[in-house]
Amino acid sequence: MRDRAASGDTADAPSASGTLALVDVVDTWAQAHLLDAPPLIVREGLRDVMGGAELPEVQRIDAGHSNPTFLVEHEGTRAILRRPPRPPFAPKAHDVLREHRILAALRDQPVRAPLPILACEDPAAIGAPFYLMEALDGIVLRDVTPAPLDGLRGHERAAEELVDALVELHAVPARDAGMGRAARGSTYLERQLGVWSGQWSRLNHTREIPAVEEVARRLEETRPASPRVAIVHGDYKLDNVLFAPSAPARLIAILDWEMATLGDPLADLGYLTATWVDPGEPADRLGGLSSVTAQPGFPSRRVLADRYAAASGLPLDSLAWYQALALWKLAILLEASYQRHLAGTTSDEFFATLEEGVPRIAEHALAAVTGALL
């Protein structure tokens, strides 16, 4: 077996907490069966799907806290692999095959999205369904801005590109999106409230978070009418896009499409601005999410929203409601991740911070639903 340290794997040995460490990648199913928890990638199964004689080289990428993401190099091909995390997680969450279908539907649209390569529905291959997409050379902005995009103008231009790419996405006619009937998109907000309330009720609650319940009630009472139907990304924020590795800042791909659908475009603007930390605000306002935007040069939420409104022609009267919706959904999503942490099925240290992080985000949602965020 190849050296695990070189491939980013963790050893199958007790951790400091007394639980077994989680192994990301193994060569064979025989090795996988010896582990207490399933690995994320079995290289022989991946080879059988991709073809060829040699085992693919696989390296985990630091790509957020949702679906595990890997760089795969195999017989001259470089690709990005996406699969669900280890369970437990909410029904319909982490649907990477849906993400692949969406990328395929967007292939011929003027949208900055990576090209899909293949999808595998059979969990017997590597332990879960997965898909491959093209590997692009780029930069994701999280905690710091690399030198090519650093500086006041670099920060400002990156934010402008972020808004402009969202406007482009929302400008694609819903009928051309290949994502179902536009009429269904008109009920998006109503369905979102129902779906996420259902997610919350299905969580095996280990604690009470009253703000989540209160925000749900207020969102239902004050739900606005959607201005029109568009492709909604569903998780649109700075660390879900890829920038070219050289200046000036140029957004080359929008990532993480698993929650995309037809719906209310202002939901994306609400999510983008709600998860945006203004310069001068505490970088940990949302537990460190998108904390890089607290640096000088990045514009405020208000500037982002005004740029979007000027380009799209959509009103901002109810933006605080959409921001509250975004933070409420984020709190529910992260509570499910926190329960995976409690179950010991993830080694992501970020999830340990959610004991305090989720209630804090729920309180921000409560503030937003009263119009206090933007």
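Note that the structure is predicted; figures quoted are calculated from it, not measured. (Residues numbered from 1 in each chain as written. Predicted model: local features only at pLDDT ≥ 70, side-chain atom pairs only at ≥ 80, totals over all residues. Heavy atoms only, no water.)

(A) Here's a closer look at the overall build of the chain. Counting its secondary structure elements, the chain contains 12 helices and 11 strands. Across the 374 residues that make up the chain, the buried fraction comes to 51%. Long-range contacts, defined as pairs at least 24 residues apart, comprise 65% of the intrachain contacts of the chain with a sequence gap of at least 6. (Helix = DSSP H or I, 4+ residues; strand = E, 2+ residues; numbered from the N terminus. Buried < 20%, exposed > 50% of the residue type's maximum accessible area, 1.4 Å probe, protein only. Contact = heavy atoms within 4.5 Å.)

(B) Summary view of the environment of G51. Looking at the element boundaries, G51 is found in the loop between α3 (43–50) and β3 (57–61). Exposure remark for G51: the relative accessible area of 29% places this residue in the partly exposed category.

(C) Quick look at the pattern of salt bridges. This structure, assessed with the given rule, holds 21 salt bridges. Here R82 ties to E99 by a salt bridge, and the two come within 3.2 Å at their closest N and O atoms. Here R82, found in strand β5 (residues 77–82), pairs with E99, found in helix α4 (residues 96–105); they are 17 residues apart in sequence, far enough to count as distant. Classification of E99 as buried rests on a relative accessible area of 0%. Measuring nitrogen to oxygen at the nearest pair gives 3.0 Å for the salt bridge that ties D256 to R82. Placement of D256 in the loop between β10 (251–254) and β11 (261–263) and of R82 in strand β5 is noted, with a sequence separation of 174 residues between them. Sharing partners across several salt bridges, the network here consists of E214, R217, R218 and E221. (Salt bridge = Lys/Arg side-chain N within 4 Å of Asp/Glu carboxyl O.)

(D) Examining the sheet that holds β3 more closely. The strand order across the open sheet built from 5 strands is β3-β4-β5-β7-β6, with neighbouring strands paired in antiparallel fashion. Strand pairing shows two members of the sheet lacking a second neighbour, β3 and β6 (116–120), which therefore form its edges. Across the sheet, the mean angle from the axis of one strand to that of its neighbour is 25°, orientation sign disregarded. Relative to strand β4 (residues 69–74), β3 runs antiparallel, the two being bridged by 5 bridges. Note on β4: the bridge partner recorded for V58 is V72. Running over the sheet, α3 touches β3, β4, β5, β6 and β7 (130–134) and is turned about 60° from β4. (Pairing = 2+ DSSP bridges. Axes fitted to C-alpha atoms, helices over the stretch in contact; angles between N-to-C directions.)

(E) The pairing of β4, seen in detail. The buried count for β4 comes to 5 of 6 residues, which makes it a mostly enclosed element. In terms of strand pairing, β4 meets β5 through 6 bridges, oriented antiparallel. Each residue of the ladder has a partner; that of F70, found in β5, is L81. Counting the residues between successive antiparallel strands, the hairpin from β4 to β5 contains 2 residues, one of them, E75, with a positive phi of roughly 50°.

(F) Region of interest: the packing of helix α7 (residues 188–202) against helix α8 (residues 210–221). Axis separation between α7 and α8 bottoms out at 11 Å; the angle between their running directions is 165°. The angle between α7 and α8 falls in the class roughly antiparallel. Crossing geometry of α7 relative to α8 is assigned as left-handed. Where α7 approaches α8, its residues L193, S197 and W200 are matched on the opposing element by V212, E213, A216, L219 and E220. Residues that form the contact of α7 with α8 fall into these classes: 5 nonpolar, 1 polar and 2 charged. (Parallel < 35°, antiparallel > 145°, perpendicular 65-115°, else oblique. Left-handed = near helix turned anticlockwise from the far one by under 90°. Nonpolar A, V, L, I, M, F, W, Y, C, P; charged D, E, K, R; others polar.)

(G) How the structure looks around the packing of aromatic side chains. In total, this model carries 2 aromatic pairs according to the counting rule given. Judged by centre distance (6.0 Å) and plane angle (75°), the rings of W276 and F298 are edge-to-face. Of this pair, W276 sits in the loop between α9 (266–274) and α10 (301–312) while F298 is found in the loop between α9 and α10, placing the two residues 22 residues apart along the sequence. Accessibility classification places W276 together with F298 in one group, the buried group. Between W321 and Y322 the ring centres are 5.3 Å apart and the planes differ by 85°, which places this aromatic pair in the edge-to-face class. Like W321, the residue Y322 is buried in the burial classification. (Phe/Tyr/Trp six-rings, centres within 6.5 Å; stacked < 30°, edge-to-face > 60°.)

(H) Highlighting the nonpolar core. Grouped together as the largest cluster of nonpolar side chains are 87 residues, with contacts concentrated most on L219, Y236, F243, W257 and W328. By residue number, the principal contributor to this core is helix α11 (residues 319–343), which donates 14 residues. Non-local contacts of Y236, meaning those with residues more than four positions away in its chain, are made with L162, A165, L166, V241, L251, I254, D268, Y271 and L272. (Core = buried A, V, L, I, M, F, W, Y, C linked by side-chain atoms within 4.5 Å.)

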